[in-house]
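# Topology and contacts: notes
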Amino acid sequence: MNDTETGRFITFEGGEGAGKSTQVSRLAAALGSAGKTVVSTREPGGSEAAEEIRRLLVSGAVDRWQPDTEALLHNAARVEHVAGVVRPALGAGKWVISDRFHDSTLAYQGYGHGLDPDRVAALHALIFGDFRPDLTLILDLPVADGLARTQGRDGAEDRYERMSRDFHERLREGFLAIARAEPDRCVVIDATADEDSVHARVLAVVEERLRAGLD
Ligand code: TMP
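Residues numbered from 1 in each chain as written. Predicted model: local features only at pLDDT ≥ 70, side-chain atom pairs only at ≥ 80, totals over all residues. Heavy atoms only, no water.

Next up on the list: the environment of Leu-27. Summarising the element assignment, Leu-27 is placed in helix α1 (residues 20–33). The residues contacting Leu-27, other than those within four sequence positions of it, are Ile-10, Phe-12, Ile-97, His-199, Val-202, Leu-203 and Val-206. (Helix = DSSP H or I, 4+ residues; strand = E, 2+ residues; numbered from the N terminus. Contact = heavy atoms within 4.5 Å.)

Rendered as structure tokens:
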């Protein structure tokens, strides 16, 4: 982040059915109660243009894109989201919480689809330099549990859920590898626990890492 950006950028990551969106809204409420101005957002999407690109990615045939195309589309959506929403909010001193960010590209397109993770990371660096979240919370749970939780959801956005079990196992390992590689930024949270326990752990980590004034 450059010096003019004073807000904090928190991202949630994890496989399908990890409970990220619930935890994003609960953390946003807690930070709001602590007096922060909070922007909750998501990827792919988060801005009008990025939501257009999202539609290309989350529906339709599982094999509709080459893995490289998919990585480029996620990064294209990210350019719009970062320029239109994330950077302006951080520049105004707001706390931004995003449901997914660049670690999802590394985990899904890199580890999942088999693109070289170094190439995926190089693509990020080419576009965004060293811009990265201040804190990333990786919600981890067994693949079978996560996929079971997604059953019964609206199937309009289920393209990734329909990918193979092996794909999901690989991306879970990918997220854990990312956390091992960047322990200063990433914290793995056990998402098998109940919603209140996960929220309590999220608050503890945010307070410990970012001194958010939560009690
Ligand atoms: P969501 O279900 O969490 O809203 O995300 C939509 C899907 O997009 C999800 O299955 C993960 C996938 N995804 C990627 O494959 N690469 C990315 O870079 C991002 C941000 C999401």
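Turning next to the nonpolar core. When a protein is soluble and globular, its nonpolar side chains tend to lie buried together. Ile-10, Phe-12, Leu-27, Leu-31, Leu-137 and Val-206 are the most contacted members of the largest nonpolar core, which totals 25 residues. Elements supplying a minimum of two residues to this core: β1 (8–14), α1, β3 (95–99), β4 (135–140), β5 (186–190) and α8 (195–210). The element that contributes the greatest number of residues to this core is α8, accounting for six residues. Ignoring any residue separated from it by four or fewer positions in sequence, one finds Phe-12 in contact with Lys-20, Gln-23, Val-24, Leu-27, Ile-97, Ser-98, Asp-99, Arg-100, Leu-137, Leu-139 and Val-202. Residues Ile-53, Met-163, Phe-167 and Phe-175 belong to the second largest nonpolar core, which totals 21 residues. (Core = buried A, V, L, I, M, F, W, Y, C linked by side-chain atoms within 4.5 Å. Buried < 20%, exposed > 50% of the residue type's maximum accessible area, 1.4 Å probe, protein only.)

What follows deals with empty space enclosed by the protein. Enumeration according to the criterion identifies one cavity of 30 Å³ or more in this entry. One number sums up the size of the largest cavity: a volume of about 130 Å³. Along the wall of the largest cavity there are 14 residues; nearest its centre are Gly-15, Glu-16, Leu-141, Leu-171 and Arg-172. Contributions of two or more residues to the lining of the largest cavity are made by β4, α6 (143–150) and α7 (165–181). When residues in the lining of the largest cavity are grouped by element, the largest group, four residues, is from α7. When the residues that make up the lining of the largest cavity are grouped by side-chain class, the tally is eight nonpolar, three polar and three charged. (1 Å grid on protein atoms, 1.4 Å probe; cavity = no way out; pocket = protein on both sides within 12 Å on 5 of 7 lines; lining within 4 Å. Points joined across faces, edges and corners; volume = space filled by probe spheres on them. Nonpolar A, V, L, I, M, F, W, Y, C, P; charged D, E, K, R; others polar.)

Neighbouring residues of the ligand: 14 residues in total, closest Glu-16, Arg-54, Arg-100, Thr-105 and Gln-109. In the environment of the ligand, an oxygen atom lies 3.3 Å from a nitrogen or oxygen atom belonging to the side chain of Lys-20. Gln-109 has a polar side-chain atom sitting 2.9 Å from a nitrogen atom of the ligand. Taking 480 Å² as the accessible area of the ligand by itself, protein coverage stands at 91%. At a threshold of 2 Å from the grid points, most atoms of the ligand map onto the largest pocket. Going through the elements one at a time, α2 (48–58), α3 (67–91) and α4 (102–112) are the ones with two or more residues in the shell around the ligand. When residues of the shell around the ligand are assigned to their parent elements, the largest contribution, four residues, is made by α4. For the shell around the ligand, the class distribution of residues is four nonpolar, four polar and six charged. (Near = heavy atom within 4 Å. Polar contact = N/O pair within 3.5 Å; in protein donor to acceptor, adjacent residues only side chain to side chain. Areas by Shrake-Rupley, 256 points an atom, 1.4 Å probe, with all protein chains shown as cover. Sits in = over half its atoms within 2 Å of the grid points.)

In this section: the sheet that holds β1. Read from one edge to the other, the open sheet built from five strands follows the order β2-β3-β1-β4-β5, with strand pairing classed as parallel. This sheet does not close on itself; its edge strands, each paired only once, are β2 (38–42) and β5. Across the sheet, the mean angle separating the axes of adjacent strands is 20 degrees when strand polarity is ignored. Inspection of the sheet shows β1 paired to β4 by five bridges, in the parallel sense. By the bridge assignment, Gly-14 is partnered in β4 with Leu-139. (Pairing = 2+ DSSP bridges. Axes fitted to C-alpha atoms, helices over the stretch in contact; angles between N-to-C directions.)

For the rest of this paragraph, the subject is unusual backbone geometry. Going from Glu-43 to Pro-44, the amide bond is cis rather than trans, its omega being -10 degrees. Considering the arrangement of structural elements, one finds Pro-44 in the loop between β2 and α2. Even without a glycine there, the phi angle at Arg-100 is positive, about 80 degrees. Considering the arrangement of structural elements, one finds Arg-100 in the loop between β3 and α4. Assessed through its relative accessible area of 12%, Arg-100 is described here as buried.

Moving on to the environment of Arg-42. When you line up the elements, Arg-42 lands in strand β2. C-alpha separation for the pair Arg-42 and Phe-131, spaced 89 residues apart in sequence, amounts to 17 Å. Among residues more than four places away in sequence, those in contact with Arg-42 are Glu-51, Arg-54, His-81, Ser-98, Asp-99 and Glu-157. Within the local environment of Arg-42, its side chain forms a polar contact with the side chain of Glu-51, the two groups lying 2.7 Å apart.

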